[in-house]
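Now for the letters of each chain:
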Amino acid sequence: MENKLPTIEIIEKYCKGCYICVEFCPKQVLEIKGFVVSVKNLEACIKCMQCELRCPDFAIKVTA
Amino acid sequence: MAKKVAFLQGNEAAAQGALYAGCKFFAGYPITPSTEVAEVMSVELPKIGGKFIQMEDEIGAMAALLGGALTGAKALTSTSGPGLSLKQELIGYGCIAEIPCVIYNVMRGGPSTGMPTGPSQSDIMAAKWGTHGDHPAICLVPASVQEVYEETIRAFNLAEKYRTPVMIMPDEIVAHMRERIVFPEPGEIEVIDRTTPSVPPEQYKPYDTSFGDVPPLAAFGSGYKFHVTGLNKLPDGFPTTKAEYVQAEEERQVRKVEGNAADIMKWEEYLCEDAEIIVVAFGSTSRSARFAVDQARKQGIKAGLFRPITFWPFPEARLLELSKQVKAFISPEMNLGMCAGVIKGCIEGNAPILGIFRVDGEPINPDQIIDKMKEVK
Amino acid sequence: MAFDYDKYLRPNKLPHIWCPGCGHGIVMKGLIRAIDTCGLKKEDTAIVSGIGCASRLPGYLDFCTLHTAHGRAAAFATGVKMARPEMNVILVGGDGDGTAIGGNHFIHACRRNINMTYIIMNNKIYGMTGGQFSPATPTGDKASTTVYGNPDPAFDIAKLAIGAGATFVARGTAFHANQIDKLIAEAIQHKGFSVVEILDDCPTTYGRRNKFKSVIEMMNHLKETTVPVKAAEKMSPEQLKGKVLTGVLYKEEKPEYTEEYAKVIQRAQAAK
Ligand SMILES: Cc1ncc(C[n+]2csc(CCOP(=O)(O)OP(=O)(O)O)c2C)c(N)n1
Ligand code: SF4
Ligand code: SF4
Ligand code: SF4
């Protein structure tokens, strides 16, 4: 169970591409593609939830 | 059983009338010459489990009033000129958000601090046009202590029935004079409560007009949850800038009062049937006018009195009718011609309007009015 | 587990009106988590605001919500709470709304110690009207009406609240998102008037003018210029220079207004 990858759900129509989640992710899991966020390196995710917590727009959800 | 009688001041009668109407909430800020209302309410409301709060200013009082009213309470505030000016933004809020409440404003000399203890009738335009934007206006102008009592009850009834702020505005003379008053028995005067929703909370929309121009209003804390805003809004209460909704909503809000003017308007005609001169007067001025009419009749002058009890909506159609029979109207008023201007606006030039305009803090006496009648050709 | 915000949000209202990176959304999420922690029932909870970007918050939340006039939230809310003391009443708004036009109502709500929680989103600017300075804009800063630098001194909002008589005062930041809900929850659970100031960011009208290249810089600034009260105890005055304290800054038990008014009712009825 420990190693199971999390699910990172991105609600594109809410994402405003502000970079907050990207910049404060400790593991550089996320990037902005076009105008919205996308996951570039899911394997690195440590499920710290920083991205979800700080997203002002309810646009990213991490499920362990 | 003999009815209860008392010797009361206008302001005290207003407080008693409010209590008869079921008022349970008062928010105010002291100001001469209205403060007695607050004082009586501070004593009486807690006795019946009601709430009295003295706020930090009139804006706060008006805000607390609307907040209290949204929880379902019948709510009253009292003030005078400068306080009325401060309340204006939120009176507009009450109109657009459609929150029933009663604003009791004693008219004193203005503008600004003016003459705090001097009588005046110069807030009548502020009652209609004081807050910005198009909005409905109901304003009652009682002329005796008994009438202050009864019209305060009617003010609550109209506020509840039409879901809108209602103003009641005695002048300082009416507010401070003492007269005998006969109290009605409980149930003798009709007391109206706002319509609450018949639909369950999930289906409730605070501005749903499928029930007519006056949508039912749920109370905060009664199991219904909804949004209230001062922005133009949709039937569900949420803001919109969609032209068709904004136009329709604003028109409905005004129509709800103007379209029911027949129910809201109230006036008295005294010896008007054959009158060639009609004095249009309200509040304390109408008392001098009635005396003047009686005296004039004794001198062979065919005079009558037309006394608005509801000032807004104004009885335009009736005055237009009367304008066809008279040689002149006389408009005695404690301001520089506000009522005369309103009359002019509805009589299509059919008759001249002779004004007696006093802003010196002195009442208009009957002789002045009789002298003016004699000027009519 | 991802927190289920949807349970408290009104359906079909997102995306919200706030700009990319605006901290108001972070505060709103913190408030939702706090409400969840406290187990407040939707129909028994009123959320009241004034006017401004921050004040648009109630529209998104599925409670009894009251979006009032500029500066008047505390006074409207006082009416609601007085008339129905059993309701939970939460106020939200900006620094301008709460401490400029609404300053009088704010200090008097503090003084009465009426049991409500006021969340002030302090982005140091009038965001909604395009970035004019507010009473919380630091001296020297740029705003659309202070292009030569702000000559006005700023309020310390938390101190203002304490001075005026609020009995619970806390400060957090939009960067420290995981603290926001804890501070607000503690404020809600406190009996009396509680104030939570959240140092917030407005990249659009404040950041731009004040040399913040991005919202990330603004967030980092919030991180670098704040110190939790606990940590501050162990720091020297030099180390604390230019730092703003966060956490629970003040807490006191004092008679609560609606309870005191209930006693007025008792006395009036006894005298009847
Ligand atoms: C009586 C009144 N005066 C002025 C305004 C214009 N106005 C709207 S919002 C606002 C400032 C909002 O700033 P703040 O409260 O700090 O909130 P923010 O927008 O920064 O979130 C002003 C001045 C108004 N709506 N009403
Ligand atoms: S949970 Fe943490 S590690 Fe994973 S993407 Fe979000 S911020 Fe990065
Ligand atoms: S923080 Fe939210 S809105 Fe900003 S980029 Fe990330 S997902 Fe998008
Ligand atoms: S203007 Fe500023 S406060 Fe308003 S939504 Fe944009 S970032 Fe937020």
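Below, the structure is looked at part by part.

Conventions and cut-offs
Residues numbered from 1 in each chain as written. Chains lettered and ligands numbered in written order. Predicted model: local features only at pLDDT ≥ 70, side-chain atom pairs only at ≥ 80, totals over all residues. Heavy atoms only, no water. Contact = heavy atoms within 4.5 Å. Buried area = accessible area lost by both parts, 1.4 Å probe. Salt bridge = Lys/Arg side-chain N within 4 Å of Asp/Glu carboxyl O. Helix = DSSP H or I, 4+ residues; strand = E, 2+ residues; numbered from the N terminus. Pairing = 2+ DSSP bridges. Axes fitted to C-alpha atoms, helices over the stretch in contact; angles between N-to-C directions. Parallel < 35°, antiparallel > 145°, perpendicular 65-115°, else oblique. Left-handed = near helix turned anticlockwise from the far one by under 90°. Nonpolar A, V, L, I, M, F, W, Y, C, P; charged D, E, K, R; others polar.

Glancing now at the interface of chain B and chain C. Residue-level contacts link 41 residues of chain B with 39 residues of chain C. Interface area lost by chain B to chain C is led by Lys51(B), Glu56(B) and Lys225(B), which between them contribute 20%. The salt bridge involving Lys225(B) is made with Asp62(C); its shortest N-O contact spans 3.2 Å. Contributing elements (two or more residues each) for the side of chain B that touches chain C: helix H2 (35-47), strand S3 (51-54), helix H3 (58-70), helix H4 (81-97) and strand S11 (227-229) of chain B. The leading source of residues in the side of chain B that touches chain C is H3(B), at 8 residues. Taken together, the 3 bridges between S11(B) and strand S2 (residues 64-67) of chain C define a ladder with parallel strand orientation. Directly across from His227(B), in S2(C), lies its bridge partner Thr65(C).

Our focus in this paragraph is the packing of helix H10 (residues 283-298) of chain B against helix H13 (residues 366-375) of chain B. Helix packing geometry: the angle between the two helix axes and the distance between the axes. Residues and elements named next belong to chain B. Relative to each other, H10 and H13 sit at 50 degrees, their axes nearing to 8 Å. Between H10 and H13, the angle falls in the class oblique. With respect to the hand of their crossing, H10 and H13 are arranged in right-handed fashion. Across the interface between the two elements, Ser288, Ala289, Phe291, Ala292, Val293, Gln295 and Ala296 from H10 touch Pro366, Ile369, Ile370 and Met373 from H13. Taken together, the residues of the contact of H10 with H13 sort by class into 9 nonpolar, 2 polar and no charged.

In this section: the interface of chain C and chain A. Between chain C and chain A, the residue contacts involve 28 residues of the former and 19 residues of the latter. With both chains or domains summed, chain C and chain A bury close to 2,000 Å², and 68% of this area falls on carbon and sulfur atoms. Summed over the shared surface of chain C and chain A, the number is 1 salt bridge. Between Lys61(A) and Asp6(C) there is a salt bridge, with its nearest N and O atoms 3.7 Å apart. At the level of elements, helix H1 (24-38), helix H6 (177-189) and helix H8 (215-224) of chain C are the ones that each hand at least two residues to the side of chain C that touches chain A. Residue contributions to the side of chain C that touches chain A peak at 6 residues, all from H1(C).

All names here are of chain B. Taken in spatial order, the 5 strands of this open sheet run S12-S14-S13-S16-S17, and their pairing is mixed. If you trace the sheet from one side to the other, it starts and ends with strand S12 (267-270) and strand S17 (353-357), each paired once. For this sheet, the mean inter-axis angle between neighbouring strands, taken without regard to orientation, is 20 degrees. Here 3 bridges tie strand S13 (residues 277-280) to strand S16 (residues 328-333), and the two strands are oriented parallel to one another. Bridge pairing links Val279 to Ile330 in S16. Sitting on the sheet, H13 touches S13, strand S14 (303-308), S16 and S17, and the angle it makes with S17 is about 155 degrees.

At the junction of Gly110(B) and Pro111(B), the peptide bond is cis and its omega measures out at 0 degrees in the coordinates. Position of Pro111(B) among the secondary structure elements: in the loop between strand S6 (108-109) and strand S7 (115-119). The step from Leu14(C) to Pro15(C) runs through a cis peptide bond, and the omega angle for that step is 0 degrees. Turning to its location among the elements, Pro15(C) is positioned in the segment before H1. Despite not being glycine, Met49(A) has its phi angle at roughly 70 degrees, a positive value. Tracing the chain through its elements places Met49(A) in the loop between strand S3 (36-39) and helix H2 (50-54).

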